[in-house]
Amino acid sequence: MASQQDGPVTTSIRTTLTELLKPEALEIINDSAKHAHHSAMRGVDSKETHFRVNVVSEAFAGKSTMQRHRLVYGALSKDFEAGLHALSLNTKTPAEIAKVSEA
């Protein structure tokens with residue numbers, strides 16, 4: 001569910017990943033403020049450059065972590081071209097979440 005305070009990059013990430021992955025769960029955390037002091041961010045006005053994304057989707061079934069991350073990064077290529085700088089991804093299937101919950 002989108003927040004009223006979501007910016008355009010957050011909204012784009014949410015829309016793109018929802019359409020592609022049909023996730024059971026999707027959490028997008030804007031960590032940009034934690035990285036604003038980095039030299040690569042000097043002169044960057046955007047407040048949406050660094051995100052943590054936790055996503056649970058059946059679309060990840062049978063894929064390695066690398067394949068899952070490539071899928072997400074590929075889907076968000078336009079956001080990266082527009083100024084998205086970094087993602088920290090946690091990509092799981094519903095079965096993996098259930099297995100952890102049972103343990």
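Residues numbered from 1 in each chain as written. Predicted model: local features only at pLDDT ≥ 70, side-chain atom pairs only at ≥ 80, totals over all residues. Heavy atoms only, no water.

**Q** Just checking my understanding: could you explain the nonpolar core for this structure?
**A** Grouped together as the largest cluster of nonpolar side chains are 15 residues, with contacts concentrated most on Ile13, Leu17, Phe51, Val53, Val72 and Leu87. Counting only elements with at least two residues in this core, the list comes to α1 (8-21), β1 (25-30), β2 (50-56) and β3 (86-92). Ranked by residue count, the leading element in this core is α1, at 4 residues. Setting aside residues up to four positions removed in sequence, Leu87 forms contacts with Phe51, Val53, Val72, Tyr73, Leu76 and Phe80. (Core = buried A, V, L, I, M, F, W, Y, C linked by side-chain atoms within 4.5 Å. Buried < 20%, exposed > 50% of the residue type's maximum accessible area, 1.4 Å probe, protein only. Helix = DSSP H or I, 4+ residues; strand = E, 2+ residues; numbered from the N terminus. Contact = heavy atoms within 4.5 Å.)

**Q** Any chance you could explain the sheet that holds β2 here in plain terms?
**A** Strands pair in a sheet through their backbones, by hydrogen bonds, and they do so in one of two ways: parallel or antiparallel. Spatially, β1-β2-β3 is the arrangement adopted by the 3 strands of the open sheet, whose pairing is mixed. The open sheet has two edge strands, β1 and β3, and neither has a second partner. Within this sheet the neighbouring strands show an average axis-to-axis angle of 10 degrees, counted without direction. Pairing between β2 and β3: 7 bridges, direction parallel. (Pairing = 2+ DSSP bridges. Axes fitted to C-alpha atoms, helices over the stretch in contact; angles between N-to-C directions.)

**Q** What is the right way to look at the pattern of salt bridges in this model?
**A** Where charged atoms from two side chains of opposite charge approach closely, those side chains can pair. Throughout the structure, instances matching the rule amount to 3 salt bridges. The closest approach of N and O atoms between Asp6 and Arg14, which form a salt bridge, is 3.4 Å. Owing to a relative accessible area of 13%, Arg14 belongs among the buried residues under this scheme. (Salt bridge = Lys/Arg side-chain N within 4 Å of Asp/Glu carboxyl O.)

**Q** Honestly, unusual backbone geometry in this entry has me stumped. Any pointers?
**A** Of all residues except glycine, most have a negative phi; of all peptide bonds, most are trans. We note that Lys22 has phi near 45 degrees; this positive angle belongs to a residue other than glycine. With respect to the helices and strands, Lys22 occurs in the loop between α1 and β1.

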